[in-house]
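Each chain is listed here by its residues.
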There are 2 protein chains.
Amino acid sequence: MMLDLAFIGFGNVARRFVGMMDEKARLLKSRYGFACRTVAICTRRHGAVINPGGLDAARAVEIVESGGSLDMLSGERTSVLAPCGLRAVDGLKKAAPSALEQGRLVVIETTVLDVRNGEPATGHVRAALESGAHVVTANKAPVAFAYGELRGLATRQNRMFLFEGAVMDGIPVFNLWRETLPAITVTGFRGVVNSTTNHVLDRMEAGASFFEALAEMQGAGIAEADPSLDVDGWDAAAKAAALINVLMNGNVTPLSIARTGIAGIDTARVRAVRARGRRLRLVARGERRESVIVGSVAPIELPGDDLLAGLEGTRNGLIIDTDLLGSVAVLQLDSGLTQTAYALLTDLLHLHGALCGGRPRALAAED
Amino acid sequence: MMLDLAFIGFGNVARRFVGMMDEKARLLKSRYGFACRTVAICTRRHGAVINPGGLDAARAVEIVESGGSLDMLSGERTSVLAPCGLRAVDGLKKAAPSALEQGRLVVIETTVLDVRNGEPATGHVRAALESGAHVVTANKAPVAFAYGELRGLATRQNRMFLFEGAVMDGIPVFNLWRETLPAITVTGFRGVVNSTTNHVLDRMEAGASFFEALAEMQGAGIAEADPSLDVDGWDAAAKAAALINVLMNGNVTPLSIARTGIAGIDTARVRAVRARGRRLRLVARGERRESVIVGSVAPIELPGDDLLAGLEGTRNGLIIDTDLLGSVAVLQLDSGLTQTAYALLTDLLHLHGALCGGRPRALAAED
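Predicted model, so just to flag it, every value in this text is computed and none were measured. (Residues numbered from 1 in each chain as written. Chains lettered and ligands numbered in written order. Predicted model: local features only at pLDDT ≥ 70, side-chain atom pairs only at ≥ 80, totals over all residues. Heavy atoms only, no water.)

Novice: Before we move on, can you summarise the overall build of chain A with the specific residues and values?
Specialist: In terms of helices and strands, chain A carries 16 helices and 13 strands. Principal axes of the C-alpha set define a box for chain A whose edges measure 70 × 45 × 40 Å. Put simply, chain A has 367 residues, and 61% of those count as buried. Long-range contacts, defined here as pairs at least 24 residues apart, represent 69% of the contacts in chain A between residues at least 6 apart. (Helix = DSSP H or I, 4+ residues; strand = E, 2+ residues; numbered from the N terminus. Buried < 20%, exposed > 50% of the residue type's maximum accessible area, 1.4 Å probe, protein only. Contact = heavy atoms within 4.5 Å.)

Here is the structure:
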């Protein structure tokens, strides 16, 4: 089955994904029988185009990276869309009704979002599912703010809503739980899931002030432009909410996570903790207390030999507590654009496998 | 689809698995539509029985645990088998030909084996696949000694050969790779995968002699009865071979793994390494060098902040190096009988999902 991809957002992650699909095209075809084409691209600053017969995605990457506008993508049936995700979905409904009806259209949602209210990503996901598209997103907000609603909508529409990249880029978290831990009850989790704060705390241990350390992260392009999203714990809270909603069948939003960031922590305290052989880490937790699930994000003093204490720099890690397996940890030791783009690829291959009536071929045949 | 289970080996792991299936029966039925019954049990010391109409597995557990013989399991169609795995497979061919033809029969192989030659487990797996059964095993030897052959046989027979428990009990390793890391190339791995040697090295750091530490592990029931399997690195070598064969598409056996154990290491050396802030760990590795894959097991002096150095006691861990994700680590923080039994359960649910034309229901529906 040929999948049609519509990109809402075409930033670094989406463009790296296009490159990865190219690099792996032969393997994807031979091992999984996977084939896709790009039919729409919607950007905020480089225009938006649609062509139900297929667009040249590699050329679109070049155009955007050289600062051009996507209306340079000529082609008989290429039309210019409004550069707004919701209107782009309307455009898909008009221009690609058969792909939507046949369940072959996948919206790849990678817009920049405000993690404090979940928009515009949540609106994009909702509109796309309502229109009959499947959705793959690298954004954490839809699953953090509206997982129950969007899951229900996807089920009613007989479409899939996938979001592996929401917590640790391409490192399996949701797929780990969904595909490899059947019949398990997750009783809680704790994790270091925000790279900026982790890096800042490392630098403060070495003597830097909070603001010096933060400026370094911003200079390296690791911190968000608005540092509050990282340092006030919003990013970690959104990830905690996503994990609670999916792994623990919870019903929370980032606003219901008890949230303490690292702003205002002084270097002397960070160094004093370190001098005692312990380490300060911004820890995201979910735990079941009686019948309620409590989520929190806070700087915690961890023993030096705690698994999370040892995660330095941009390393992230998650410890999942379960009924049958005890605790399982999965750690991301490298991070970058490729890892995030890979999350989109795994979701797309899962979707393809499910649409083709089972697992991806290679998985069934074990070859 | 009702699966028929035939146990070859009915030791602690298999019996814990029977209990787990009972505890989770309602969830397995409602969430996955999963149902099974036990049709044969073959033990070395408690007899062997078969009844294609179904045996009382819970009663069989009681009988074996009270030292009785399985021929006490009465029932109209229950016959006594020869207590030998290969003959039991012959018995299945005669007594349950329709379940074999229909692909509903699953042999659960958990016999005690000699990891230096892979028998009798490898023979059991081969005979079961040849007879038309699927195979789920907790033994590492079949995949370590004969993965290519058994995978080919399974493919020709249109049956499945699953072995999640081979390396880190129920912690996903093979399923992690197969189900959550599609299109990835594994370029290497290193891991601490043998609990006994890890524990012994911990105790030696604390001042115990090698033999004192080993005796403690034997007293606690953690070490193998024949300590050579652990301390000479055979167990870790079999796991390294299994990982190379499956994750790296290799073609090795435990005999081709360069193997150095920890026997003969003295406490002074272990303590001297520790005093330098480093730790000695028995590390299993696989790495691609030019076109060959090299596997090794050896005690390695690791920096104190190495992820594997921090794994104490019975904690195990594996770091997988990949092309698209960089390095991913998965760690087993708790271990025991339940974890090993859970590996059988995950394999059985995967098998059931594949037979039912796709993923287990809950995985597709996300509910």
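Novice: So, the packing of aromatic side chains: which residues are in play, and what are the values?
Specialist: Enumeration over the complete set of coordinates arrives at 14 aromatic pairs over all chains. Here the aromatic rings of B:Tyr147 and B:Phe163 are separated by 5.8 Å at their centres, their planes lie at 85°, and the arrangement is edge-to-face. Taken together, the positions of B:Tyr147 in helix 7 (residues 141-157) and B:Phe163 in the loop between strand 7 (161-162) and helix 8 (165-168) put the pair 16 residues apart, joining distant regions of the chain. The burial state of B:Tyr147 is the same as that of B:Phe163; both residues are buried. Look at B:Phe161 and B:Phe163: their rings are 5.0 Å apart centre to centre, the planes differ by 55°, and that puts the pair in the tilted class. For B:Phe161, a relative accessible area of 4% gives the class buried. According to the relative accessible area criterion, B:Phe163 is buried, its value standing at 1%. Aromatic ring contacts, followed pair by pair, group A:Tyr147, A:Phe161, A:Phe163 and A:Phe174 into a single cluster. In this structure, A:Arg178 packs its charged tip against the face of A:Phe163, placed 5.9 Å from the ring centre. The side chain of A:Arg259 reaches across the aromatic face of A:Trp234, ending 3.9 Å from its centre. (Phe/Tyr/Trp six-rings, centres within 6.5 Å; stacked < 30°, edge-to-face > 60°. Lys NZ or Arg CZ within 6 Å of the ring centre and 35° of its normal.)

Novice: Describe the relation of the copies chain B and chain A, and please don't skip the residues or the numbers.
Specialist: Related by rotation about an axis and a shift along that axis, the two copies of the chain form a pair. Screw-axis analysis of chain B against chain A gives a translation of 0.0 Å along the axis, an RMSD of 0.0 Å, and a rotation angle of 180°. Both copies are brought into coincidence by an operation consistent with a two-fold rotation axis. An overlap of 98% is found between the interface residues of chain B and their copies at the interface of chain A, pointing to a shared contact surface. (Least-squares fit on C-alpha atoms with pLDDT ≥ 70 in both.)

Novice: Got a sec to walk through the interface of chain B and chain A? Specific residues and values, please.
Specialist: Tallying the contact residues gives 54 residues for chain B and 53 residues for chain A. Applying the counting criterion to the chain B and chain A interface returns 20 residue pairs in polar contact (both at pLDDT 80 or more). Mapped by element, the contributors of at least two residues to the side of chain B that touches chain A are helix 2 (25-32), helix 7, strand 7, helix 9 (174-180), strand 13 (327-332), helix 15 (337-355) and helix 16 (361-365) of chain B. Per element, the largest residue contribution to the side of chain B that touches chain A is 8 residues, and it comes from helix 15 of chain B. Split into classes, the residues belonging to the side of chain B that touches chain A amount to 30 nonpolar, 14 polar and 10 charged. Judged from the 5 bridges that link them, strand 13 (residues 327-332) of chain A and strand 13 of chain B form a sheet pairing that is antiparallel. (Polar contact = N/O pair within 3.5 Å; in protein donor to acceptor, adjacent residues only side chain to side chain. Nonpolar A, V, L, I, M, F, W, Y, C, P; charged D, E, K, R; others polar. Pairing = 2+ DSSP bridges.)

Novice: Can you lay out helix 6 (residues 121-131) of chain B for me, pointing to particular residues and giving the numbers?
Specialist: Most of helix 6 of chain B is tucked away, with 9 of its 11 residues classed as buried. Inspection of helix 6 of chain B places B:Ala121, B:Thr122, B:Gly123, B:His124, B:Val125, B:Ala127, B:Ala128, B:Leu129 and B:Ser131 among the buried residues, and these make up the whole buried set.

Novice: Help me get a handle on the sheet that holds strand 1 (residues 2-8) of chain A, residues and values and all.
Specialist: Residue and element names in this part refer to chain A. A sheet is described by the order of its strands in space; here 7 strands give the open sequence 4-3-2-1-5-6-7, paired in mixed fashion. Strands at the two margins of the open sheet, each flanked by one partner only, are strand 4 (79-80) and strand 7 (161-162). Both strand 1 and strand 2 (residues 35-42) contribute to a ladder of 7 bridges, which runs parallel. Residue pairing in the sheet places alanine 6 in a bridge with alanine 40 of strand 2. Each of strand 1, strand 2, strand 3 (48-55) and strand 5 (105-109) is contacted by helix 4 (residues 85-95), which is oriented at about 30° to strand 3, the strand it contacts most. (Axes fitted to C-alpha atoms, helices over the stretch in contact; angles between N-to-C directions.)

Novice: With reference to specific residues and values, describe the packing of helix 10 (residues 195-205) of chain B against helix 11 (residues 210-219) of chain B.
Specialist: Residues and elements named next belong to chain B. The contact between helix 10 and helix 11 brings their axes to 9 Å, and the two run at 130°. The orientation of helix 10 with respect to helix 11, classified from their angle, is oblique. Between helix 10 and helix 11 lies a crossing whose hand is right-handed. On the side of helix 10, the interface is formed by Thr196, His199, Val200, Arg203 and Met204, while helix 11 contributes Phe210, Ala213, Leu214, Glu216 and Met217. Within the contact of helix 10 with helix 11, the residues separate by chemical class into 6 nonpolar, 2 polar and 2 charged. (Parallel < 35°, antiparallel > 145°, perpendicular 65-115°, else oblique. Left-handed = near helix turned anticlockwise from the far one by under 90°.)

Novice: Before we move on, could you go through the state of the cysteines and cite the residues and values that matter?
Specialist: All names here are of chain A. Considering all chains together, one arrives at 0 disulfides over all chains under this definition. With no disulfide of its own, cysteine 42 has cysteine 84 as its nearest cysteine by sulfur position, at a separation of 6.7 Å. On the basis of relative accessibility, which here comes to 5%, the residue cysteine 42 falls in the buried class. (Disulfide = S-S within 2.5 Å.)

Novice: Got a sec to walk through the pattern of salt bridges? Specific residues and values, please.
Specialist: Here the structure, examined in full by the defined rule, presents 44 salt bridges over all chains. Residues A:Arg104 and A:Asp4 are paired through a salt bridge, measuring 3.4 Å at the closest nitrogen-oxygen approach. In this pair, A:Arg104 sits in the loop between helix 5 (97-101) and strand 5 while A:Asp4 sits in strand 1, placing the two residues 100 residues apart along the sequence. The salt bridge involving B:Arg190 is made with B:Asp306; its shortest N-O contact spans 2.7 Å. (Salt bridge = Lys/Arg side-chain N within 4 Å of Asp/Glu carboxyl O.)

Novice: Give me the lowdown on the sheet that holds strand 12 (residues 316-322) of chain A, citing residues and values where you can.
Specialist: Spatial strand order, 9(A)-11(A)-10(A)-8(A)-12(A)-13(A)-13(B)-12(B)-8(B)-10(B)-11(B)-9(B): 12 strands in an open sheet with mixed pairing. Of all strands in the sheet, those bounded by a partner on one side alone are strand 9 (258-259) of chain A together with strand 9 (258-259) of chain B. When strand 8 (residues 186-192) of chain B meets strand 10 (residues 278-289) of chain B, the two strands line up antiparallel, connected through 4 bridges. By the bridge assignment, B:Arg190 is partnered in strand 10 of chain B with B:Arg285. Relative to strand 10 of chain B, helix 10 of chain B is tilted by about 145°, and along the sheet it contacts strand 8, strand 10 and strand 12 (316-322) of chain B.

Novice: Please set out the environment of A:Val112 residue by residue, giving values where relevant.
Specialist: Residues and elements named next belong to chain A. Relative to the elements of secondary structure, valine 112 occurs in the loop between strand 5 and helix 6 (121-131). Residue classification places valine 112 among the exposed residues on the basis of a relative accessible area of 64%. Sequence spacing of valine 112 and alanine 99 is 13 residues, and the spatial spacing of their C-alpha atoms is 26 Å.

Novice: Which residues make up the pairing of strand 3 (residues 48-55) of chain B, and what values go with them?
Specialist: Residues and elements named next belong to chain B. Of all 8 residues in strand 3, 6 are buried; the element is thus mostly enclosed. Here 4 bridges tie strand 2 (residues 35-42) to strand 3, and the two strands are oriented antiparallel to one another. If you follow cysteine 42 over to strand 3, its bridge partner there is alanine 48. Linking strand 2 to strand 3, which pair antiparallel, is a turn of 5 residues; within it glycine 47 sits at a positive phi near 80°. Summarising the sheet, strand 3 and strand 4 (residues 79-80) pair through 2 bridges and their orientation is antiparallel. The partner of isoleucine 50 across the bridge, within strand 4, is serine 79.

Novice: Tell me about the packing of helix 6 of chain A against helix 7 (residues 141-157) of chain A, residues and numbers included.
Specialist: Residue and element names in this part refer to chain A. For the pair helix 6 and helix 7, interaxial distance at closest approach is 10 Å and the crossing angle is 5°. Classified by the angle between their axes, helix 6 and helix 7 sit roughly parallel to one another. Two secondary-structure elements touch here, helix 6 through Ala121, Thr122, Val125, Arg126, Leu129, Glu130 and Ser131 and helix 7 through Ala141, Pro142, Phe145, Ala146, Glu149, Leu150, Leu153, Ala154 and Gln157.

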